[in-house]
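# Tertiary structure, described
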Amino acid sequence: MNKDLTTGNVARTMLAFAGPMIVGNLLQQCYNIADTLIVGKYLGADALAAVGSAYTLMTFLTSILIGLCMGSGAVFSLQYGRRDLRSLRKSLVVSFGFTGGIAVVLSALALLLVDVILKVMQVPAEITGMMREYVWIVFWGIFFVFLYNFFAYLLRALGNSFVPLCFLGISAVLNIGLDLLFVMRFEWEIAGAAAATVAAQCFSGVGIGIYTWFHEKSLRPGRKQLRVERETVSEIVRFSTASCIQQSVMNFGILMIQGLVNSFGPAVMAAFAAAVKIDSFAYMPAQEFGNAFSLFISQNHGAGKGERVKEGTRAAIRISVLFCLIISAAVFVSAASLMQIFVRASETEIIAKGVCYLRIEGACYCGIGVLFLLYGYFRGIGKPEMSIVLTVISLGTRVLLAYLLAPIPPIGEIGIWCAIPIGWILADLTGVLCIRKESRQGG
């Protein structure tokens, strides 16, 4: 199932490779969307606000691990492009130990500091108990998130995007089934939704690990690969840390925005919780296409195929922009109907606030689509630090503007919504200017 990304038609190769990754990431969203849908419909607006706020928190925590695995995946892809399996096996050992250790520490800290975290997030008193109950259970699944993403990025680096999709598909169905069983049949309420998510994560993480061990025997490390070398450690730490910072800083900004949203009360929190799920689901294909594009660039850059890198970049921009324009139009027109998937029709205030968010964000998906490609490009050519620069620009703009505009009474939460796409656009302009500057210098 492994695919060589250095040969064949550029656009078709990228789309064929990205397709399973896009579907897989959309299925991954089903973990929290299932919780949100069932909780919102059967447990009410307060429970929806608690799960939505917890989703933002968990996205931030798991983004640290996903960033580390993503950075390691870029190294794996570069080495696979060079057909350097010896170095690849060494990198696997270092990356698994490095990222796995961080996963254990992160999980322990989250469990120990749960009350402090909720206080910092300014969670309203009326939903603190529910949110604490939910996150306490979900925190136990952090290590399984690491397992899945480590092996998923390894397989994708080899050109295999189908197997990670299979494990995610099964676990998504399992998650939804257990949600219905635990929440509606056993009446475990919000704890049942959390338990269903952890069980599904356990299946996908352990399952893909076992598959990789038995089906990629050539990558099993021998005694020589168990010896840690400074060069290998340096490369893994450099790429992993840069991608981790980029991912976690981006999601820390979202977490800061969540804290500001929480200050407006449960109605805005519930609207934001539902709208963010729709928002994330809408542009998730563009995000995962950017990740696939990064691995395409890595393999071809490692193989020394510079012209194929340029051709792939042009094709990726055309594909991503076209997709984002279509999705923007669909979300803008269907915003009210999409909100009613998660919120009762009688909750008119929540729906109205969510529609406002979706119509502001939905008009600007091209901004984040291009930004995902820029992240992937710089990571793929061995310059992951540039992704941090773009993230800081995007994050700094959105947080600064949000905190400046939201306290102004006539603007309120609308200022938060407007700040986000402005940050995307400024980061895009910076990234494009850097690429043009490099191109001129290279010429």
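Preceding this section is the structure that the text describes.
To keep things clear, this report deals only with the structure shown in the data block. Predicted model only: the values in this text are computed from it and were never measured.

## What about the packing of aromatic side chains?
- The tally for this structure, following the rule as stated, stands at 21 aromatic pairs.
- When the ring of Phe96 is compared with that of Phe150, the centres are 5.2 Å apart and the planes differ by 80°; the resulting orientation is edge-to-face. Residue Phe96 is found in helix H3 (residues 85-112), and its partner Phe150 is found in helix H6 (residues 142-157); the two are separated by 54 residues along the sequence.
- For the ring pair Phe186 and Trp188, a centre distance of 5.2 Å and an interplane angle of 45° mean the geometry is tilted.
- Counting every residue linked through ring pairs, the aromatic cluster contains Phe76, Phe96, Phe143, Phe146, Phe150 and Phe151.
- The ring of Tyr80 has Arg83 lying over it, and the distance from NZ or CZ to the ring centre is 4.7 Å.
- The positively charged end of Arg359 is found above the aromatic ring belonging to Phe332, 5.4 Å away from the centroid.

## Here's the deal with a nonpolar patch on the surface
- Taken together, the side chains of Val105, Leu109, Leu112, Leu113, Val116 and Val120 make up a nonpolar region of the molecular surface, amounting to roughly 580 Å² of accessible area.
- Elements with a contribution of two residues or more to the nonpolar patch: H3 and helix H4 (114-120).
- Of all the elements, H3 adds the most residues to the nonpolar patch, at three residues.
- For Leu109, a relative accessible area of 43% puts it in the partly exposed group.

## What about helix H5 (residues 125-138)?
- Between its terminal C-alpha atoms H5 stretches 20 Å, which fits the 20 Å expected from 14 residues at 1.5 Å a residue.
- Helix geometry: H5 is bent most strongly at Met131, by close to 25°.
- Along H5, the residues that are buried comprise Ile127, Met131, Tyr134, Val135 and Val138.

## Structural notes on empty space enclosed by the protein
- According to the stated counting rule, one finds four cavities of 30 Å³ or more in the structure shown.
- Size it by volume and the second largest cavity reaches roughly 50 Å³.
- Lining the second largest cavity we find Met70, Gln246, Gln247, Gln287, Gly290, Asn291, Phe372, Tyr375 and Arg379.
- Elements supplying a minimum of two residues to the lining of the second largest cavity: helix H9 (230-262), helix H10 (266-302) and helix H13 (365-380).
- In terms of residue class, the lining of the second largest cavity is made up of three nonpolar, five polar and one charged.

## Details of the layout of surface pockets
- Looking at the largest pocket, its volume works out to about 660 Å³.
- In terms of lining residues, the largest pocket is bounded by 21 residues, among which Lys310, Thr313, Tyr377, Ile435 and Ser439 are the most central.
- For the lining of the largest pocket, the element with the highest residue contribution is helix H11 (residues 306-342), accounting for eight residues.
- Grouping the amino acids of the lining of the largest pocket by side-chain chemistry returns twelve nonpolar, four polar and five charged.

Parameters at a glance
Residues numbered from 1 in each chain as written. Predicted model: local features only at pLDDT ≥ 70, side-chain atom pairs only at ≥ 80, totals over all residues. Heavy atoms only, no water. Phe/Tyr/Trp six-rings, centres within 6.5 Å; stacked < 30°, edge-to-face > 60°. Helix = DSSP H or I, 4+ residues; strand = E, 2+ residues; numbered from the N terminus. Lys NZ or Arg CZ within 6 Å of the ring centre and 35° of its normal. Patch = residues over 30% accessible without salt bridge, like charges linked within 9 Å, V, L, I, M, F, W, Y side chains within 5 Å. Areas by Shrake-Rupley, 256 points an atom, 1.4 Å probe, with all protein chains shown as cover. Salt bridge = Lys/Arg side-chain N within 4 Å of Asp/Glu carboxyl O. Buried < 20%, exposed > 50% of the residue type's maximum accessible area, 1.4 Å probe, protein only. Expected span 1.5 Å × (residues − 1). Bend = angle between axes of the 7 residues up to and from the residue. 1 Å grid on protein atoms, 1.4 Å probe; cavity = no way out; pocket = protein on both sides within 12 Å on 5 of 7 lines; lining within 4 Å. Points joined across faces, edges and corners; volume = space filled by probe spheres on them. Nonpolar A, V, L, I, M, F, W, Y, C, P; charged D, E, K, R; others polar.

Without other data, these values stay purely geometric and don't point to any function.
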